[in-house]
Amino acid sequence: MSYVGYHSSRSIGYDISLEDEILLLRNEMMQTFQEEQSFTSDLVIEISCKLDLKINEYMKLYGTECKV
């Protein structure tokens, strides 16, 4: 699943939880890393930054106990 497709499904009315967003981004980052064979590719870094933001959002909402 590409990140673009992920946003497209949200825009047509799918409502996913913050935990699901984090899991989707993690999976996207791992898949992209495998395709790019680099942790420093622009796309992997972009997804990683988005993942960081979502994890920070989760931590603000739920404290230090991260379930994902």
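Use the structure listed above.
Here's a quick rundown of the structure. Computed from a prediction, not measured in an experiment: that's the story for all the values here.

## Here we look at the overall build of the chain
Item 1. Check the secondary structure of the chain and you find 3 helices and 0 strands.
Item 2. Each of the 68 residues in the chain was classed as buried or not, and the buried ones make up 22%.
Item 3. The long-range fraction of contacts in the chain, counting pairs at least 24 apart against all pairs at least 6 apart in sequence, stands at 48%.
Item 4. Within the structure as shown, the chain displays about 4900 Å² of accessible surface, and the carbon and sulfur contribution to it stands at 54%.

## Overview of the pattern of salt bridges
Item 1. A full pass over the atoms with the stated rule returns 3 salt bridges.
Item 2. The salt bridge partner of Glu46 is Lys50, with a shortest N-O separation of 3.1 Å. Taken together, the positions of Glu46 and Lys50, both in helix α3 (residues 42–62) and 4 residues apart, correspond to about one turn of that helix.
Item 3. Exposure remark for Glu46: the relative accessible area of 40% places this residue in the partly exposed category.
Item 4. Where salt bridges share partners, they join Glu21, Lys54 and Glu57 into one cluster.

## As for the nonpolar core
Item 1. Core analysis: the biggest nonpolar cluster contains 6 residues, these being Leu18, Ile22, Leu25, Ile47, Leu51 and Tyr58.
Item 2. Within the residue set of this core, elements represented by two or more residues are α2 (18–36) and α3.

## Focus on the packing of aromatic side chains
Item 1. Evaluated as defined, the whole model comprises 2 aromatic pairs.
Item 2. Centre to centre, the rings of Phe33 and Phe39 are 4.1 Å apart; their planes meet at 10°, and the pair counts as stacked.
Item 3. Taken together, a centroid distance of 4.7 Å and an interplanar angle of 45° make the contact between Tyr58 and Tyr62 tilted. Note that Tyr58 and Tyr62 are positioned in helix α3 at a spacing of 4 residues, about one turn of the helix.

Thresholds applied
Residues numbered from 1 in each chain as written. Predicted model: local features only at pLDDT ≥ 70, side-chain atom pairs only at ≥ 80, totals over all residues. Heavy atoms only, no water. Helix = DSSP H or I, 4+ residues; strand = E, 2+ residues; numbered from the N terminus. Buried < 20%, exposed > 50% of the residue type's maximum accessible area, 1.4 Å probe, protein only. Contact = heavy atoms within 4.5 Å. Areas by Shrake-Rupley, 256 points an atom, 1.4 Å probe, with all protein chains shown as cover. Salt bridge = Lys/Arg side-chain N within 4 Å of Asp/Glu carboxyl O. Core = buried A, V, L, I, M, F, W, Y, C linked by side-chain atoms within 4.5 Å. Phe/Tyr/Trp six-rings, centres within 6.5 Å; stacked < 30°, edge-to-face > 60°.

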